[in-house]
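Working through the structure, step by step
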Amino acid sequence: MPQGQAAIAPARTTVPAETEIAALFDRLISAWNDGNGEAYGQAFTRDADYVSFDGSHLQGRPEIVRVHRQLFETHLRGSTLSGKINSIRLLTPDIAVVHATGDTQLAGRSSVAPERHSIQTLVALYDGNEWRFTAFHNNRIRPIGRGIGTFLWLFTDWLWRQFGPLSRS
């Protein structure tokens with residue numbers, strides 16, 4: 001480069017970030033539906049944080065891959081995942097917050113299980129080449145204050161206090 005000229009940054013894709021993030025989300029769902037733990041993990045950064053519906057906290061892509069390989073070989077074998085992005089908010093040109101909903105249909109079932117309806121918050125990060133998720137938090141949707149829903153919340157909280165892992169300490 002001639003002296004006095006500034007380095008030119010590599011051109012960013014002309015595809016809108018939201019389109020690329022939506023494609024990443026679609027690849028995540030496809031990897032689940034293929035039962036491919038490795039491909040599922042590739043949607044995440046090497047140091048990603050992943051909080052599953054039960055509060056388990058996985059740290060890093062290798063752990064995300066390992067756990068999902070095991071799940072796809074056992075409890076989630078043959079399951080399918082459907083999901084929908086509800087919003088993508090760019091915080092900077094390279095960081096986005098994504099809110100999505102998802103449903104899991106277990107193998108042998110004819111429909112999704114309503115008790116598995118979840119909402120996710122994901123943080124997407126652009127590393128200069130591609131988008132990946134660097135944080136994922138999944139939560140079951142259990143509205144409180146709707147008739148029997150309040151009773152169920154109170155009852156399951158009571159059960160957890162009585163029989164959960166911390167009840168014996």
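This one's a predicted model, so the numbers in the text were calculated from it and none came from an experiment.

In terms of regular secondary structure, the protein is built from four helices and six strands. For the protein, the α and β elements follow one another from N to C terminus as α-α-β-β-α-β-β-β-β-α. Within the protein, the proportion of its 169 residues that are buried is 31%. Counting contacts in the protein only where the partners sit at least 6 residues apart, residues at least 24 apart contribute 46% of the total.

According to the stated counting rule, one finds 12 aromatic pairs in the structure shown. Each ring, one from Tyr40 and one from Phe44, has its centre 5.8 Å from the other, and the planes form 50°; the classification is tilted. Summarising the burial analysis for this pair, Tyr40 and Phe44 share the class buried. Pairing Phe44 with Phe136 gives two aromatic rings, centres 6.2 Å apart and planes at 85°, and the pair type is edge-to-face. Taken together, the residues Phe44 in strand E1 (residues 44-51) and Phe136 in strand E6 (residues 131-140) connect sequence positions 92 residues apart. Here Phe44 falls in the buried class, since its relative accessible area comes to 0%. The buried category is assigned to Phe136, whose relative accessible area is 8%.

Here the focus is the sheet that holds E6. Strands sit in the order E2-E1-E6-E5-E4-E3 across an open sheet of six strands; the sheet is mixed. Both outer strands of the open sheet, strand E2 (57-59) and strand E3 (80-92), are each paired with one neighbouring strand and no more. Along the sheet, successive strands turn relative to each other by an average axial angle of 15°, direction set aside. Here E1 runs beside E6; their pairing, made up of four bridges, is parallel. Bridge pairing in E6 places Tyr50 opposite Phe136. With respect to the sheet, helix H1 (residues 17-33) is in contact with E1, E3, strand E4 (95-105), strand E5 (118-126) and E6, its orientation differing from that of E3 by roughly 155°. Strands in contact with helix H3 (residues 61-73) are E1, E2 and E6; relative to E1, the strand with the most contacts, it is inclined by about 60°.

In this section: the confidence of the model for the protein. In this model, the protein carries a mean pLDDT of 88, and residues with pLDDT of at least 70 account for 89%. Every residue in residues 7-11 is under pLDDT 50, and counting partners more than four places away or in other chains gives one contact.

A few words now on the pattern of salt bridges. Taken as a whole and assessed by the stated rule, the structure comprises three salt bridges. Here Glu38 and Arg69 are joined by a salt bridge, their closest N and O atoms 2.9 Å apart. Here Arg69 lies in helix H3 and Glu38 lies in helix H2 (residues 37-41), a separation of 31 residues in the sequence. When its relative accessible area of 34% is taken as the criterion, Glu38 is described as partly exposed. One salt bridge in this structure joins Arg66 and Glu63, with 3.7 Å as the shortest N-O distance. Here the residue Arg66 and the residue Glu63 both occupy positions in helix H3, the gap between them amounting to three residues, near one helical turn. The class for Glu63 is partly exposed, based on a relative accessible area of 24%.

About the thresholds
Residues numbered from 1 in each chain as written. Predicted model: local features only at pLDDT ≥ 70, side-chain atom pairs only at ≥ 80, totals over all residues. Heavy atoms only, no water. Helix = DSSP H or I, 4+ residues; strand = E, 2+ residues; numbered from the N terminus. Buried < 20%, exposed > 50% of the residue type's maximum accessible area, 1.4 Å probe, protein only. Contact = heavy atoms within 4.5 Å. Phe/Tyr/Trp six-rings, centres within 6.5 Å; stacked < 30°, edge-to-face > 60°. Pairing = 2+ DSSP bridges. Axes fitted to C-alpha atoms, helices over the stretch in contact; angles between N-to-C directions. pLDDT = per-residue confidence, 0-100. Salt bridge = Lys/Arg side-chain N within 4 Å of Asp/Glu carboxyl O.

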